[in-house]
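# Inside the fold
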Amino acid sequence: MTVENPQSFHIRPGMRRGLRTEVPLPTRLVSNEEFPPLPQTAAQRRVEDRILAEAGRLAPRLGLSRRDFLRTSGGMATSLLAMNAVFGRFFDVLPVEAAEPAAFQERKGEPFFIFDVQVHYVGAAYDPGNAEAGRKGAVSKQGLLGLRKQAQRLNP
């Protein structure tokens with residue numbers, strides 16, 4: 001006999017499957033379908049409202065629908081500005097970047113080199129006995145520390 005967890009996630013009547021929003025940044029937690037997500041906070045709602053209001057104001061000036069505007073760099077700048085307004089200045093973005101695509105291009109600079117791998121911080125204390133060294137296909141402690149040193153050279 002299987003006992004069902006009453007706290008586990010279940011699609012209930014009135015729940016939509018998936019979260020759909022126009023804004024480029026998530027403004028609420030979503031479920032991993034193990035447990036129901038926490039509801040959107042008042043601050044997260046203010047961010048979303050600011051994004052949609054500002055997009056509604058700027059999109060017609062650029063000859064775009066609100067939805068199309070939010071898919072541009074101006075939409076992302078608008079989103080970051082809204083987060084700065086609600087949570088305090090964190091993102092380095094100027095209001096002109098939301099309204100003028102050329103302003104974003106001017107500040108963007110050269111493309112970044114992106115090294116996209118799943119390597120988390122590796123400290124010198126990792127695997128002190130080097131137990132993984134003998135396992136077939138494993139990366140040794142020295143190999144991981146070498147990767148860390150190379151990464152520090154790329155991004156001191």
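Notes on the structure in this doc start here. (Residues numbered from 1 in each chain as written. Predicted model: local features only at pLDDT ≥ 70, side-chain atom pairs only at ≥ 80, totals over all residues. Heavy atoms only, no water.)

## Let's talk about the overall build of the protein chain
Under the convention used in this document: Comment: elements are numbered from the N terminus, with helices defined as DSSP H or I runs of at least four residues and strands as E runs of at least two. Partly exposed describes any residue whose relative accessible area lies between the buried limit of under 20% and the exposed limit of over 50%, with all areas from a 1.4 Å probe on protein chains only and scaled to the type maximum. The contact definition used throughout considers only heavy atoms, calling two residues in contact when any of these lie within 4.5 Å. Values of accessible area rely on a 1.4 Å probe in the Shrake-Rupley scheme; residue burial ignores everything except the protein chains shown.
The helix and strand tally for the protein chain stands at six helices and zero strands. Listed by position from the N terminus, the elements making up the protein chain come as α-α-α-α-α-α. Residues classed as buried in the protein chain amount to 22% of the 156 residues present. For the protein chain, the proportion of contacts with a sequence separation of at least 24, taken over those separated by at least 6, is 44%. As displayed, the protein chain offers around 12000 Å² of accessible surface, 57% of which is attributable to carbon and sulfur atoms.

## Looking at helix α1 (residues 42-61)
In plain terms, the rule: Helix span, expected: 1.5 Å multiplied by one less than the number of residues in the helix.
Here α1 contains 20 residues, and its C-alpha end-to-end distance of 29 Å stays within 8% of the 28 Å for a straight helix at 1.5 Å per residue. The set of residues buried in α1 consists of Ala 43, Val 47, Glu 48, Ile 51, Leu 52, Ala 55, Leu 58 and Ala 59. For α1, the elements touching its buried residues are α2 (66-70), α3 (73-87) and α4 (95-99). Phi turns positive one or two residues past the end of α1, at Gly 63, with a value near 70°.

## Some words on the pattern of salt bridges
Between side chains of opposite charge, a pair can form as their charged atoms come close. Counted only if it meets this: Within this document, salt bridges are pairs made up of a side-chain nitrogen of Lys or Arg and a carboxyl oxygen of Asp or Glu, the two lying within 4 Å of each other.
Taken as a whole and judged by the stated rule, the model has six salt bridges. When the shortest N-O distance is used, the salt bridge between Arg 28 and Glu 48 registers 3.3 Å. In this pair, Arg 28 sits in the segment before α1 while Glu 48 sits in helix α1, placing the two residues 20 residues apart along the sequence. Sharing partners across several salt bridges, the network here consists of Arg 28, Arg 45, Glu 48 and Asp 49.

## A word on α3
Within an α-helix, residues lying three or four positions from one another point in the same direction, as the helix has 3.6 residues per turn. What counts, and what does not: Throughout this description, a polar contact denotes any pair of N or O atoms lying within 3.5 Å of each other; where both atoms belong to protein, one of them has to be capable of donating a hydrogen while the other can accept it, and for residues adjacent in sequence the pair is counted only when both atoms sit in side chains.
In this model α3 runs 21 Å from its N-terminal to its C-terminal C-alpha over 15 residues, within 8% of the 21 Å that 1.5 Å per residue would give. Of all the positions in α3, only Gly 74, Gly 75, Ala 77, Thr 78, Ser 79, Leu 80, Ala 82, Asn 84 and Val 86 are classed as buried. Its buried side turned inward, α3 meets α1, α2 and α4. The N-cap of α3, judged by a side-chain oxygen 3.2 Å from the amide nitrogen of Gly 74 a few residues on, is Thr 72. A positive backbone phi angle near 105° is found at Gly 88, which sits one or two residues after α3.

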